[in-house]
Amino acid sequence: MSKTAFTPRVFSGIQPSGNLTLGNYLGAVKRFVEMQESGIQTIYCMVDLHAVTVWQDPEKLRHNTRELAAAYIACGLDAEKSILFNQSQVSGHAELGWLFSCVARLGWMNRMTQFKDKAGKNAEKMSLGLYAYPALMAADILLYHTTHVPVGEDQKQHVELTRDIAAKFNHDYKTDFFPIPEPVIDGAGTRVMSLRDGSKKMSKSDPSDNSRINMTDDADTIAKKIRKAKTDPEPLPDNLDALKDRPEARNLINIYAGLSDQKPEAVIAEVAGQQFGQFKPLLADLAVAKLAPIGDEMARLMGDVAEIDRILGKGADRAAEIAEPILAKTFDIMGMVRSR
Ligand code: TYM
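Residues numbered from 1 in each chain as written. Predicted model: local features only at pLDDT ≥ 70, side-chain atom pairs only at ≥ 80, totals over all residues. Heavy atoms only, no water.

(A) Main features of empty space enclosed by the protein. Here the structure, examined in full by the defined rule, presents three cavities of 30 Å³ or more. Roughly 70 Å³ of internal volume is contained in the largest cavity. Every residue lining the largest cavity is listed: Gln15, Pro16, Ser17, Gly18, Asn19, Leu20, Asn64, Glu67, Leu68, Lys204 and Met298. With three residues, helix α3 (residues 58-75) is the largest single contributor of residues to the lining of the largest cavity. There is about 60 Å³ of room inside the second largest cavity. Every element with two or more residues in the lining of the second largest cavity is listed here: α6 (113-119) and α7 (128-142). Top contributing element to the lining of the second largest cavity by residue count: α7, with four residues. Of the residues belonging to the lining of the second largest cavity, the class tally is six nonpolar, two polar and one charged. (1 Å grid on protein atoms, 1.4 Å probe; cavity = no way out; pocket = protein on both sides within 12 Å on 5 of 7 lines; lining within 4 Å. Points joined across faces, edges and corners; volume = space filled by probe spheres on them. Helix = DSSP H or I, 4+ residues; strand = E, 2+ residues; numbered from the N terminus. Nonpolar A, V, L, I, M, F, W, Y, C, P; charged D, E, K, R; others polar.)

(B) Molecular detail of the layout of surface pockets. Size it by volume and the largest pocket reaches roughly 1,200 Å³. Gln15, Gln114, Asp154, Gln155 and Lys201 are, among the 46 residues lining the largest pocket, the residues nearest its centre. Residue assignment for the lining of the largest pocket shows that the elements contributing at least two residues are β1 (9-14), α1 (22-36), α2 (48-51), α6, α7, β4 (148-150) and α8 (156-172). Of the residues belonging to the lining of the largest pocket, the class tally is 17 nonpolar, 20 polar and nine charged. By volume, the second largest pocket is sized at about 300 Å³. Only α4 (92-101) and α7 provide two or more residues apiece to the lining of the second largest pocket. Sort the elements by how many residues they give to the lining of the second largest pocket and α7 lands first, with seven residues. The residue inventory of the lining of the second largest pocket, partitioned by class, reads ten nonpolar, four polar and no charged.

(C) Fine view of the site of the ligand. Near the ligand, the surroundings consist of 27 residues, among which Gln15, Tyr133, Asp140, Asp154 and Val192 are the closest. The side chain of Gln15 places a nitrogen or oxygen atom 2.8 Å from an oxygen atom of the ligand. At 2.9 Å from an oxygen atom of the ligand is found a main-chain nitrogen or oxygen belonging to Gly152. Summarising the interface, the protein chains cover 96% of the accessible area of the ligand, which totals 710 Å² for the free molecule. Most atoms of the ligand, that is more than half of them, are within 2 Å of grid points of the largest pocket. (Near = heavy atom within 4 Å. Polar contact = N/O pair within 3.5 Å; in protein donor to acceptor, adjacent residues only side chain to side chain. Areas by Shrake-Rupley, 256 points an atom, 1.4 Å probe, with all protein chains shown as cover. Sits in = over half its atoms within 2 Å of the grid points.)

(D) Main features of the pairing of strand β3 (residues 82-86). A large share of β3 lies buried, amounting to five of its five residues. Bridge count for strand β2 (residues 41-46) against β3 is five bridges, and the pairing is parallel. Directly across from Thr42, in β3, lies its bridge partner Ser82. (Buried < 20%, exposed > 50% of the residue type's maximum accessible area, 1.4 Å probe, protein only. Pairing = 2+ DSSP bridges.)

(E) Structural context of the domain arrangement of the chain. By the assigned domains, the chain splits into domain 1 (9-190 + 304-334) and domain 2 (209-299). Domain 1 and domain 2 are separated by 29 Å when their C-alpha centres are compared. Tallying the contact residues gives 14 residues for domain 1 and 16 residues for domain 2. Where domain 1 abuts domain 2, roughly 1,300 Å² becomes buried across the two surfaces, and 72% of that area is made up of carbon and sulfur atoms. Per-residue buried area on domain 1 facing domain 2 is highest for Leu22, Ala74 and Ala188; these three make up 38% of the total on that side. Here domain 1 is connected to domain 2 by one salt bridge. The closest approach of N and O atoms between Lys30 and Asp261, which form a salt bridge, is 2.4 Å. (Domains from an automatic or database assignment. Contact = heavy atoms within 4.5 Å. Buried area = accessible area lost by both parts, 1.4 Å probe. Salt bridge = Lys/Arg side-chain N within 4 Å of Asp/Glu carboxyl O.)

Encoded structure:
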């Protein structure tokens, strides 16, 4: 078995399920933009096939897909430099997803913490798609022979499963056709926590809107949510170790670091000794300065939906061009007759 050297390629995706948050921005989109500028080919998807693993209102799904595209572009993704498209327009995702659901083992799926978290005690009532989801995510990544996957901390287990699927496929078919992709999880914003509870992840599905900053929030709303963020009565210390048992304080320092492109160590040194009454307005000003223009630009882009659809269609054509030969070769390796 020869070892193939794969050309570096980046793929990542976000679910168009509404309420894109500061967590999605710092953990994902902002880092997508950095990778776009690194000289490596970058492919970024709106994963609508993933979104429908829980019921979506069709009109809202269409709106949220376009709004996510607007967010990508408003944050600095450029449809010329990166391939931007929605997943359902490239049928290879669903096809390779099926093949990988025949490679992945039930025992692997049963260990996925995201399914357990989402399904809770209601697993029997969840869709089969929600359970099979990680096989589709592996297909998203491997359909492009992706080598690097920028994600937030909560997606690490899914990328590890993707590696297991690639390795098992290669082993079972005595090939080295699929690369073993690397998760890229770095920077201060890879696990942004809820503003109301520092032990919970900031999430688009949290029932409390005050728990998160949405990319569509206006300047006043952003400032108000930061003012109301849960904290504690102690002043800020001069080192991060002292924040070990202060998750809300640690989260605000991380958010500041993520938004200002600094290390949390540098931020804590700068704000040591401050009360939250001093620090929160600084953070609110920074957040408004960084996020409000993105929200404004998203609103402007949403004024021309036809242009967004055109970008997604063109992106899908470019994506399909890469995907089709990889999918065809996969069918061939597995022994499917290809005669048309
Ligand atoms: P999704 O849509 O839940 O989240 C999109 C991206 O945002 C990151 N993220 C966060 N990062 C930091 N702090 C947070 N609070 C936070 N919340 C979300 C996520 O880690 C993710 O990077 N399964 C994926 C979508 C997906 C995908 C893929 C990703 C489908 N196929 C292929 C990469 C490659 C998901 O549900 O992400």
